[in-house]
Amino acid sequence: MLRKLIAYMRGYGKESVLGPLFKLLEATFELFVPLVIASMIDQGIRLENTAHIWKMGGVLLLLGLVGLAFSITAQYFAARAAVGTSARIRETLFNRVTRLSAEQLDKNGVSALTQRLTGDVDQVQNGINLTLRLLLRSPFVVFGAMVMAFFVDAGSAWIFAVAIPILGAVVFGVMAWSLPLFKRAQQAMDIAMGITRENLTGARVIRAFGRENEENERFTRQAETLSERKRRAGHVSALTGPLTCVIVNLAMVFLIHTGALRVDGGMITQGELVALVNYMSQILVELIKFANLIVSITKAMACFSRVQAVIELDENCPGDDEKRVPFDASDVVVKFDSVTFTYPGAGAPSLIDVSFEAKKGETIGIVGPTGSGKSTIVQLITRFYDATKGKITMYGQDVTALSSKDIRMHTGIVEQKTLLFSGSISENIRWGKKDADEAEIVSALESAQGLDIIRAKADGLDSPVGQGGRALSGGQRQRVAIARALVRQPEILILDDSASALDFATDARLRASIKNMQGESTVFIISQRASSVRHADKILVMEEGCIKAMGTHEALMEESDLYREIYFSQFPEGEAYV
């Protein structure tokens, strides 16, 4: 995993070297500070040499300024490498997320993927920054301080040789204990993020049904779980400071006692004893820093593993890179041959042994009760999912050997849940065709029965739709989405219950308009309304994942009890809107 992270840091080799290098230079100057203080005490204060005190004070100031300059420089290079690497990781991750299959999106969840793109990548960035600044510096100061202690007085430095291994064992022991607790806390954070996102996106529904208190209680329970796990991990992690302080203070007691005896015996000076105490303090500070660094690095690597797991998800379509769809090779555009499909994790199939074919220029209507599998057929045609059993062909070619991207580029689809993006009406319609001019956009809107939308807006086509299309009504959103699909003049047009917010008259005009501009396009109309599919060349009647009947409206009215039941439930008089 470390090798994969380093691969993202390519191009930041200079920063990755200069950052730690300048930090080591700063640490080197820090190691000389106790010696300067010792000289100030022994040759300045003890001998009342004011000039020497000022001289050593100037040396301390110089060491501080140079160390500060080196530290700022190290921070600059480390931050540059960390920010650049995290930007590259985030870009790669976002690129992967936008290409995930519907199955992979369902499995990972939107809130978890959002957390990967935000919190997890930020944690990786923080880990890289701290690593470049402290990974070499802290061990360098610890062992450098011990070496300097032996240089000052080998007779007292044995205390360092005993204390450092004990401190290291405590620090790494607490870290090993706390890391699994931090991982459990992160899992609780993912769940809390999911609840938060669900409540924010569904705020109106929650208020409409008066479920604010229940949702508050649900979030509170999860927040308490998160708080408890973080508190437990924090309690364990907090042991590092007190335990290391106890060990260092005990070492200080032995050091001062031993040093006092050696000062009294004339073997070392008072300044040298102060220098030894300062080196012990440096070791304490750096070990605590190093412990926190290891925790941060472990968290960062755990977050990077989660990010990389998404990046390394298999592509949805093995044939995406090469083979394109031969859109004029056959009159049979789409053919289902004994297709069965089960959603991942579902207990029962959504489609069972479905077979039909759609030819060029045909309009295929699909009706049936809720949950009968109508929309699932759409998901398979567009290759958001692949069939569990059976075979789906497009223009005579197995879709699993074709480019799913190419299939979708030649398919216009309007799904049940209409989604528009922030921007203007024209910008949303150009999602269907990037280079569509104003005349094409207006024509598509006219066919979608949406000209009244731009007439009612002060800015016309440049009117903003708001996030998710909130500036438009439900019917307006549907018509803009239909225009978005029509503007590319697709070979396959799929309308999945896309007129549910339209009145019958507008729906009828929309179907007539699509029929007039259809040409050789194959149109699939999925609807709860019998009137929407009444004039289709072929109607599939679905129930419990199976095709119960197939034919024209007239034939089905004579032969299919289910179709008649659907039709007469909507039109008791036996007449539908045209």
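If you're wondering where the values come from, they're calculated on a predicted model, not measured in any experiment.

Quick rundown of helix α9 (residues 212-238)? Include the residues and the values.
With 27 residues, α9 extends 37 Å between its outermost C-alpha atoms, agreeing within 8% with the 39 Å of an ideal straight helix rising 1.5 Å per residue. Regarding α9, the residues found buried are Glu 215, Gln 222, Leu 226, Ala 233 and Val 236. Of the surrounding secondary structure, the elements contacted by the buried residues of α9 are α7 (154-201), α8 (203-208) and α10 (240-264).

So what's going on with the pattern of salt bridges? Residues and values would help.
Tallied over the entire structure, the rule returns 19 salt bridges. With a closest N to O distance of 3.6 Å, Glu 26 and Lys 23 form a salt bridge. With Glu 26 and Lys 23 both in helix α2 (residues 13-45) and three residues apart, this pair spans about one turn of that helix. Where Arg 137 meets Glu 26, a salt bridge forms, and the shortest distance between an N and an O atom there is 3.0 Å. One end of the pair, Arg 137, is in helix α6 (residues 137-152); the other, Glu 26, is in helix α2, with 111 residues separating them in the sequence.

Go over the sheet that holds strand β5 (residues 397-398) with me, naming the residues and quoting the values.
The four strands lie next to each other as β2-β1-β4-β5, forming an open sheet whose pairing is antiparallel. Of all the strands in the sheet, just β2 (351-359) and β5 have a single pairing partner and so form its edges. Bridge count between strand β1 (residues 332-341) and strand β4 (residues 389-394): five bridges; the pairing is antiparallel. When the sheet's bridge partners are listed, Val 334 is paired in β4 with Met 394. Across the sheet, helix α12 (residues 374-381) lies against β1, β2 and β4, angled at about 115 degrees from β1, the strand it touches most.

Parameters at a glance
- Residues numbered from 1 in each chain as written.
- Predicted model: local features only at pLDDT ≥ 70, side-chain atom pairs only at ≥ 80, totals over all residues.
- Heavy atoms only, no water.
- Helix = DSSP H or I, 4+ residues; strand = E, 2+ residues; numbered from the N terminus.
- Expected span 1.5 Å × (residues − 1).
- Buried < 20%, exposed > 50% of the residue type's maximum accessible area, 1.4 Å probe, protein only.
- Contact = heavy atoms within 4.5 Å.
- Salt bridge = Lys/Arg side-chain N within 4 Å of Asp/Glu carboxyl O.
- Pairing = 2+ DSSP bridges.
- Axes fitted to C-alpha atoms, helices over the stretch in contact; angles between N-to-C directions.

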